[in-house]
Amino acid sequence: MKKKFSVVVAGGGSTFTPGIVLMLLANLERFPLRSIKFYDNDGARQEIVAEACKVILKEQAPDIEFGYTTDPKTAFSDVDFVMAHIRVGKYPMREKDEKIPLRHGVVGQETCGPGGIAYGMRSIGGVLEIVDYMEKYSPNAWMLNYSNPAAIVAEATRRLRPHSRILNICDMPIGIEGRMAQIVGLKSRKEMQVRYYGLNHFGWWTSIEDLKGNDLMPKIREHVAKHGYVPSSTNEPGVEASWNDTFAKAKDVWALDPSTFPNTYLKYYLFPDYVVAHSNPEHTRANEVMEHREKHVFSSCAAITKAGKSSAGELEIDEHASYIVDLATAIAFNTQERMLLIVPNQGAINNFDPEAMVEIPCLVGSNGPEPLTVGKIPLFQQGLMSQQVAVEKLVVEAWIEKSYLKLWQAITLSKTVPSASVAKAILDDLLEANKDYWPELK
Ligand code: NAD
Ligand code: G6P
Ligand code: MN
């Protein structure tokens, strides 16, 4: 019989938690579970999600032990995997990350530019705390981290917890590859083999083949040149307008290097003027998420708990989150699956900082990831990535040294910011807004 695993979801109150629980239940055959726990530092928020998940688990998998807690010892004892998706400061702080830069005419985004930097300064401490709980109470466990901003969080763990068993991963390449598969008429992204390199939310595909080795790039290129990553010329149902715009804008981002395909997040760095012109400083993505996803998940959860049956709500499985099970099974059963992870470069990209955290294909087994060689990258990408990785490193140094100067340098160096004076004005507003979360800067 296969071993059964014990998992704790950190950030149990996340809007993504129910979708992930449903996804875990759909994958029990390849990733058997004996226990699921939730941990969050906001007990009231977590309880709403957890009580609904309790109903679902009772219906679908009564043998799996379930519990939720705000107590680290209870949460992190006897676990094999920590699945971490925390958002330090929650949506009200995301809203500030987005709106403050926009007030200064600069991109306001969750993970890119000054907003991402502010979020990074909040997240580092929260994520390190979870790593430390894991190591204290379950020293053999692995942490699968997708808390954002993943690039900055990954750099912080590289610097401050270099020997910890933590894997940083992002779902954006997975989402884009799903669209590419649709474009070429394949059922799943798993029917493609890709080469990709970059930083998190900052990378490029250089090769896409089917499993027989046929080059799929020409067909995808033909489509992307016209429609970006929007699979047909009409809008897909269920995709929000703002995301649809991002997938369509990939057409312009792609044009800067037509031999590759870009991560959609590059639009914030390469077309910041366009992004600002198409933003509403009074109503940003955080508002959309609070009005839609958060409301939907929390009202569904409340309805399920009240009725005592899952049919009372409309919670949906997060299909593409099955990459988390791919990653967990790779570790648990040494599958050597090839996945894109955020790992120390160490020569994989040979003309790039060996001490940078890069997003590249790795083979994943019981002892962690083995990165594949990328080789030499072109000057355009190397230049962009060097600037961005310096931003990410400066943020982590600013957090460690509590340095106002380094944080000002980081914001100034971001390609989204026009000058040091604008950077300073944004920084001073962000500092005021984040006093309860950032270390006190000198
Ligand atoms: P959310 O605000 O709904 O949930 C986050 C939860 O984390 C909240 O319940 C909050 O109370 C909790 N939390 C905050 N600080 C904590 C701490 N120090 N310890 C324990 N719990 C803490 O947010 P969401 O929109 O569902 O997103 C959750 C996270 O997942 C975010 O970081 C988001 O950026 C990230 N995410 C990443 C990817 C990826 O590709 N890497 C994809 C989707 C979401
Ligand atoms: C993608 C990215 C995540 C990001 C999310 C934001 O999945 O990879 O890193 O957190 O988008 O989505 P949202 O719907 O919250 O704006
Ligand atoms: Mn991501």
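Since we're looking at a predicted model, the values are computed, not measured. (Residues numbered from 1 in each chain as written. Chains lettered and ligands numbered in written order. Predicted model: local features only at pLDDT ≥ 70, side-chain atom pairs only at ≥ 80, totals over all residues. Heavy atoms only, no water.)

> It is not clear to me how the overall build of the protein should be interpreted in this structure. Could you clarify?
Within the protein one finds 16 helices and twelve strands. Whereas a compact globule of 442 residues would reach a radius of gyration of roughly 22 Å, the protein reaches 21 Å, a difference of no more than 12%. Expressed as lengths along the three principal axes of its C-alpha atoms, the size of the protein is roughly 55 × 55 × 45 Å. The buried share of the protein, taken over its 442 residues, is 56%. Long-range pairs, those at least 24 residues apart, make up 71% of the contacts in the protein between residues at least 6 apart in sequence. When the accessible surface of the protein is totalled, it reaches about 18300 Å², and 51% of it is carbon and sulfur. In the protein, 48 positive and 54 negative side-chain charges are present, and the distance between their average locations comes to 1 Å. (Helix = DSSP H or I, 4+ residues; strand = E, 2+ residues; numbered from the N terminus. Rg over C-alpha atoms; globule rule 2.2 N^0.38 Å. Buried < 20%, exposed > 50% of the residue type's maximum accessible area, 1.4 Å probe, protein only. Contact = heavy atoms within 4.5 Å. Areas by Shrake-Rupley, 256 points an atom, 1.4 Å probe, with all protein chains shown as cover. Lys, Arg positive; Asp, Glu negative; His and termini not counted. Charge placed at Lys NZ, Arg CZ, Asp CG, Glu CD.)

> What should I look at first to understand the nonpolar core in this one?
Core analysis: the largest hydrophobic core is formed by 94 residues, its most contacted members being Phe31, Ile208 and Phe261. By size, the runner-up hydrophobic cluster in this structure holds 26 residues, among which are Ile124, Ala410, Val417 and Leu430. (Core = buried A, V, L, I, M, F, W, Y, C linked by side-chain atoms within 4.5 Å.)

> How should I be thinking about the site of ligand 1 in this particular structure?
Around ligand 1, 25 residues are found, and the nearest of them are Ser14, Asp40, Arg45, Tyr91 and Tyr119. Measuring from an oxygen atom of ligand 1, one finds a side-chain N or O atom of serine 14 at 2.6 Å. Within the side chain of aspartate 40, a nitrogen or oxygen atom sits 2.6 Å from an oxygen atom of ligand 1. For ligand 1, the accessible surface in isolation is 860 Å², of which the surrounding protein chains cover 95%. Considering only residue class, the shell around ligand 1 consists of nine nonpolar, eight polar and eight charged. (Near = heavy atom within 4 Å. Polar contact = N/O pair within 3.5 Å; in protein donor to acceptor, adjacent residues only side chain to side chain. Nonpolar A, V, L, I, M, F, W, Y, C, P; charged D, E, K, R; others polar.)

> How should I be thinking about the site of ligand 2 in this particular structure?
What surrounds ligand 2 is the set Arg94, Glu110, Asn148, Cys170, Asp171, Met172, His201, Trp243, Tyr265, Arg285, Val289 and Arg293. Between asparagine 148 and ligand 2, the recorded distance is 2.7 Å, taken from a side-chain N or O atom to an oxygen atom. Between ligand 2 and histidine 201 there is a distance of 3.1 Å, counted from an oxygen atom to a side-chain nitrogen or oxygen. The protein chains hide 86% of the 390 Å² of surface that ligand 2 would expose on its own. For the shell around ligand 2, the class distribution of residues is five nonpolar, two polar and five charged.

> Please explain the coordination of the manganese ion (ligand 3) as it appears in this structure.
Four donors placed tetrahedrally about a metal ideally form angles of 109.5 degrees, and six donors placed octahedrally ideally form angles of 90 or 180 degrees. Around the manganese ion (ligand 3), the protein supplies Cys170 (SG) and His201 (NE2) as donor atoms, at distances of 2.2 to 2.4 Å. Of this pair, cysteine 170 sits in the loop between strand S6 (166-168) and helix H7 (172-184) while histidine 201 sits in the loop between strand S7 (192-199) and strand S8 (202-210), and the two are 31 residues apart along the sequence. In terms of burial, cysteine 170 and histidine 201 fall into one category: buried. (Donors = N, O, S within 2.8 Å, 3.2 Å for Na, K, Ca; no water.)

> I keep staring at the pairing of strand S12 (residues 368-371) and nothing clicks. Help me out?
Side chains on a regular strand alternate between the two faces of the sheet. Relative to S12, strand S11 (residues 357-365) runs antiparallel, the two sharing four bridges. The residue bridging glycine 365 from the neighbouring strand is glycine 368, located in S12. (Pairing = 2+ DSSP bridges.)

> Would you explain helix H12 (residues 285-307) in this entry?
Since there are 3.6 residues in each turn of an α-helix, residues three or four apart along the chain are aligned in direction. Taking 1.5 Å per residue as the helical rise, H12 with its 23 residues ought to reach 33 Å, and the 32 Å between its terminal C-alpha atoms agrees with that figure. A bend of about 35° at lysine 295 is the largest found in H12. When we look at burial in H12, the residues that qualify are Arg285, Ala286, Asn287, Val289, Glu294, Val297, Phe298, Ser300, Cys301 and Ile304. Buried-residue contacts for H12 involve helix H1 (17-26), helix H2 (43-60), helix H4 (90-103) and helix H9 (241-255). (Expected span 1.5 Å × (residues − 1). Bend = angle between axes of the 7 residues up to and from the residue.)

> For this particular structure, what's the right way to read the packing of helix H8 (residues 217-227) against H9?
Two measures define how a pair of helices packs: the angle their axes make with one another and the distance between the axes. Running from amino to carboxyl end, H8 crosses H9 at an angle of 105°, the nearest separation of the two axes being 7 Å. One way to sum up the angle between H8 and H9 is to call them roughly perpendicular. Here Arg221, Val224, Ala225, Lys226 and His227 of H8 lie close against H9, whose contacting residues are Phe247, Ala248, Ala250, Lys251 and Trp254. (Axes fitted to C-alpha atoms, helices over the stretch in contact; angles between N-to-C directions. Parallel < 35°, antiparallel > 145°, perpendicular 65-115°, else oblique.)

> Could you clarify how one ought to interpret the environment of isoleucine 400 in this entry?
Mapping isoleucine 400 onto the fold places it in helix H14 (residues 379-401). In the structure, isoleucine 400 is positioned 30 residues away from leucine 430 in sequence and 18 Å away in space, judged by C-alpha atoms. Every residue in contact with isoleucine 400, bar those within four places of it in the chain, is listed here: Arg159 and Leu160.

> Sorry, what's going on with the side chain of histidine 223 here?
For histidine 223, the position within the fold is in helix H8. When sequence neighbours within four positions are dropped, the list of residues in contact with histidine 223 reads Ile183, Gly228, Val230, Pro231 and Ser232.

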